Amino acid sequence: MKVVIVTCFDTYEDRIDLLHEYFCKRGDEVTIIQSDFRHFKKSKRIEEKPGYIFVNTSTYNKNLSIARLRSHYAYAKKAFELVENIKPELLYAVIPANSIAKFAGEYKKNNNDVKLVFDLVDLWPETMPIGNMKYFPPFTFWRLMRDNSLKFADFIITECNLYQSILKDLLKNSKKDTVYLAKKEIKIVNNSVLNEREFHLCYLGSINNIIDIQQIKKFIKALHEIKPTTLHIIGDGENRNLLIEEINSTGAVVKYHSKLYDAAEKQLIFDQCHFGLNIMKKDVCVGLTMKSIDYFQHGLPIINNIQADTAEIVELYKIGFNLTDTNIQELVYEITNIDLEQFVEMRKNTKKVFNDFFSSVAFNKKMNVVIKELYE
């Protein structure tokens, strides 16, 4: 079977690589069409990659800008010119960008024999911390590019159950399922050495406008008042200096490790840490984050304020704690009374959650279910 996957961002490349491997193992002929602009690095991609076609795409500097929307739209138009030439039997469209949904829907209207799958890995503008602005033009128009195209899909995948809940009226007559974000297993031994007299936390990932720096500050301040606390930061972003300054103001120590991509290097830092921080602003509508999967992959329990899927998993499988606006003091008291054996147990639970729900094995099993239902 001829499969084409259209995606815009290298942000989701772990998922795309898993899809590529999955379809190739089935014996399918797979082509991935992707932008050559790296969203996080704001730079052009130079290296090639087997199975990928990288489309020349206009650049942008700001994440929330007209230039970005124009870039996405122009990319989607070019991408579907390539789709027209390839003529796939299965078209797998990764949304966002919402313009990909628009062009995929139009392609399906003109090529009814193709099977069209939408993979909703994010919801724009719902996940953006822009308050009520998301309900007014031009954001409404942006959202409708996706919403008006959903009816053309033969199957709709969401990366978390929350997204199905938000779109329930639009998806009520659709074949659908959740396929969680996933990463390949890593062959690294977890040798955690936790300090009983101090607390060590880690923040991993992009330090941008959707993380709740003030909530992180309040939590660390309360924790540091009971035990000396250190925050390890792995990553970068426009709010890096602000995060460091705010945590320093609490009296806690900040250790900035910059960006790290090597799993062994990250593990050395995670082995010192009691928890990873998975904390975003309340008006960011997400049920699961990439950083949480990274933590789980390395067996690091989390302090979490993400709703729905992640909150339920944390509570059900005992892999950390859920933080709210009202439970900081109560939570800090509970954490400071945990012994090392309980931390060891949480780490085991966390690794098991990764293997059961977020590993490549779990991903492939779920994709088998999707493909079976798609062709029923």
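See the structure above.
In this numbering scheme, every chain counts its residues from 1 along its sequence in written order. Side-chain atom pairs in this predicted model are given and counted only at pLDDT of 80 or more, local residue features only at pLDDT of at least 70, and totals for whole chains, interfaces and linings cover all residues. Values reported for side chains reflect all heavy atoms of the structure, with hydrogen atoms and water molecules removed beforehand.

Draft legend 1. Inspection of the overall build of the chain at higher detail. The helix count covers DSSP runs of H or I at least four residues long, the strand count covers runs of E at least two residues long, and both are numbered beginning at the N terminus. Helix and strand content of the chain: 14 helices and 15 strands. Atoms considered for the radius of gyration are the C-alpha atoms alone. The globule rule reads 2.2 Å times the number of residues to the power 0.38. By the compact-globule yardstick of 21 Å for 376 residues, the chain fits well, its C-alpha radius of gyration being 21 Å. By its C-alpha atoms, the chain is 65 × 40 × 40 Å across when sized along the principal axes. Burial classes: relative accessible area under 20% of the type maximum marks a residue as buried, over 50% as exposed, and values in between as partly exposed (1.4 Å probe, protein chains only). Every one of the 376 residues in the chain was classed for burial, and the buried ones make up 54%.

Draft legend 2. Examining the sheet that holds strand S15 (residues 320-322) more closely. The rule for pairing is simple: two strands pair if DSSP sees at least two bridges between them. Spatially, the six strands line up as an open sheet ordered S12-S11-S10-S13-S14-S15, and their pairing is parallel. Pairing within the sheet leaves two strands with one partner each, and these edge strands are strand S12 (253-256) and S15. This sheet shows a mean twist of 25° between the axes of neighbouring strands, independent of strand direction. Examined bridge by bridge, strand S10 (residues 199-204) and strand S13 (residues 275-278) share two bridges and lie parallel to one another. The partner of Cys202 across the bridge, within S13, is Gly276. Contacts were defined at the residue level, with two residues in contact if any of their heavy atoms lie within 4.5 Å. In this analysis an axis means a line fitted to C-alpha atoms, helices contributing only their contacting stretch, and an angle means the value between N-to-C directions, from 0 to 180 degrees. Contacts from helix H8 (residues 240-248) reach S10, strand S11 (229-234) and S12 within the one sheet, and its direction differs from that of S12 by about 155°.

Draft legend 3. Looking closely at helix H14 (residues 360-374). Over its 15 residues, H14 runs 21 Å from end to end, which matches the ideal 21 Å to within 8%, given 1.5 Å per residue. Among the residues of H14, Ser360, Ala362, Phe363, Met367, Val370, Ile371 and Leu374 are the ones counted as buried. The arc that holds every buried residue of H14, seen down its axis, measures 165°, which confines them to one face. Residues Lys365 and Lys372 are exposed on H14 and point more than 90 degrees away from its buried face. Looking at the buried residues of H14, the elements they touch are helix H1 (13-25), strand S6 (90-95), strand S7 (115-120), strand S8 (155-158), strand S9 (176-178) and helix H13 (340-358). For a helix, the expected span equals 1.5 Å multiplied by the number of residues minus one. Directions are taken from the helix axis to each C-beta atom, and the arc is the one they span.

Draft legend 4. Spotlight on the pattern of salt bridges. The working definition used for a salt bridge is a side-chain nitrogen of Lys or Arg within 4 Å of a carboxyl oxygen of Asp or Glu. Applying the stated criterion to the full structure yields 25 salt bridges. Linking Lys49 and Glu13 is a salt bridge whose minimum nitrogen-to-oxygen distance equals 2.5 Å. With a gap of 36 residues between them, Lys49 in the loop between strand S4 (43-44) and strand S5 (52-55) and Glu13 in helix H1 connect regions that are remote in the sequence. With a relative accessible area of 22%, Lys49 lands in the partly exposed category. For Glu13, a relative accessible area of 11% gives the class buried. Two residues, Asp236 and Arg240, come together in a salt bridge whose shortest N-O distance is 3.4 Å. Overall, Arg240 belongs to the partly exposed group, its relative accessible area being 25%.

Draft legend 5. Structural detail: the environment of His298. Here His298 lies in the loop between helix H10 (290-297) and strand S14 (302-304). Taking the relative accessible area as the measure of exposure, His298 reaches 2% and is therefore buried. Setting aside residues up to four positions removed in sequence, His298 forms contacts with Ile186, Asn190, Ala263, Lys266, Gln267 and Phe270.

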